[in-house]
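Fold and geometry: a report
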Amino acid sequence: MKILAIILLVSICDVSWSQYYEYDSHWWIAYLHSQQYNYGPSYDYDPDPPRPSISDCPQECECPPTFPTAMYCDGRNLKYLPYVPSRIKYAYFQSNQITAIPDGAFDNATGLVWLALHGNQILSDKVGRKIFSKLRGLERLYMQNNNLTRIPSGLPRSLRELHLSSNQINRVPANALEGLENLTALYLHENQIQEVGHSLRGLKSLVHLDLSNNQLRRLPDSLPDSIEQIYLEYNQLSSVPTDYFKVYPKLQYVRISHNKLTSDGLSGTTFNTSSLVELDLSYNQLHRIPPVSTSLQHLYLQGNQIA
């Protein structure tokens, strides 16, 4: 009886397996056929996410679909700032006739990373006091070639580059750059600045400083230890304090050409610092060559009165 039961069970399993095998083979052929002719959905394929809509781009500007976070409004004779969509991170408004940046202009686009406003007619009195403080991710601000008479207030701590050259700024108050610990490059050339004082002391990451083409009669009272390049050409400097540059261990490039430096205004150790790589003292009023470090690679002295 047991033997009969075993034989019956084996027969049933054999029939069941044959049916399953036949069904499975036909299913696999059908699946391959559907893949060959693109029948049905492919479950291992993740389609690209839809592109952001460009319908929110203002008519005055261009928002290319290939760069959905950028908005180009440059060179369009604009006299005002158009609406900026919230998705925009790079906004270009240069080379227009914009005169004002009212409070709230960027309230909808607080994620801006680059903001180009250079080559306009922006006035300091028409720049909102809190306009930039809301842009907590802003890294580069371009406002050169405008009509600014002072450094904008409320600049965000995230700022890495600040371009304010070719304006009408005549002073840098002590707190004008307060909190900008991430700033690496500051461009203030071609202004009317007469004194800087201690306003640069808190810029702990500053590497590049351009104060050329101003009206400086004395060097900044203090610089951050991170400074590597300082440009002071075309000012009214007549002297440099003893050991002024020695306290900045990373300083490599110093340019003080086209000033009023005299040999009497320099001590024997003023430029004798091992970190310097390039020193430009051309077009001053020097009568003799100042002592320099043997590690200096480039020294410019033309246009002086050295005999």
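Residues numbered from 1 in each chain as written. Predicted model: local features only at pLDDT ≥ 70, side-chain atom pairs only at ≥ 80, totals over all residues. Heavy atoms only, no water.

The protein appears in an unreviewed UniProt entry as Fibromodulin from Eleutherodactylus coqui. UniProt annotates the protein under Sequence similarities (unreviewed entry) with the comment "Belongs to the small leucine-rich proteoglycan (SLRP) family. SLRP class II subfamily." (UniProt positions renumbered as here; feature names shortened; annotations may be inferred.)

Summing up its helical and strand segments, the protein has one helix and 11 strands in all. When the helices and strands of the protein are read in sequence order from the N terminus, they spell out α-β-β-β-β-β-β-β-β-β-β-β. Of the contacts formed within the protein by residues at least 6 apart in sequence, a portion of 37% connects residues at least 24 apart. Summed over its atoms, the accessible surface of the protein is roughly 17400 Å², and 50% of this surface lies on carbon and sulfur atoms. (Helix = DSSP H or I, 4+ residues; strand = E, 2+ residues; numbered from the N terminus. Contact = heavy atoms within 4.5 Å. Areas by Shrake-Rupley, 256 points an atom, 1.4 Å probe, with all protein chains shown as cover.)

The parallel open sheet is built from 11 strands, whose spatial order is β1-β2-β3-β4-β5-β6-β7-β8-β9-β10-β11. Among the strands making up the open sheet, the edge pair consists of β1 (70-72) and β11 (298-300). In this sheet, neighbouring strand axes are inclined to one another by 5 degrees on average, regardless of whether the strands run parallel or antiparallel. As defined by bridge partners, strand β10 (residues 278-280) adjoins β11 across three bridges and the pair is classed as parallel. Bridging from a neighbouring strand, Leu279 pairs with Leu299 of β11. (Pairing = 2+ DSSP bridges. Axes fitted to C-alpha atoms, helices over the stretch in contact; angles between N-to-C directions.)

Glancing now at the state of the cysteines. Formally, a disulfide is one covalent bond, and it connects the sulfur atom of one cysteine to the sulfur atom of another. Inspection of the entire model under this criterion finds two disulfides. In this model, Cys57 is linked to Cys63 through a disulfide, with the two sulfur atoms separated by 2.1 Å. Where Cys57 bonds to Cys63 through sulfur, the torsion about that S-S bond is close to 80 degrees, and the disulfide is right-handed. The burial state of Cys57 is the same as that of Cys63; both residues are buried. Here Cys61 pairs with Cys73 through a disulfide, and the sulfurs are 2.0 Å apart. Its S-S torsion of about 110 degrees marks the bond between Cys61 and Cys73 as right-handed, since a negative value means left-handed. Within this pair, whereas Cys61 is found in the loop between α1 (2-36) and β1, its partner Cys73 is found in the loop between β1 and β2 (90-92), the two being separated by 12 residues in sequence. (Disulfide = S-S within 2.5 Å. Buried < 20%, exposed > 50% of the residue type's maximum accessible area, 1.4 Å probe, protein only.)

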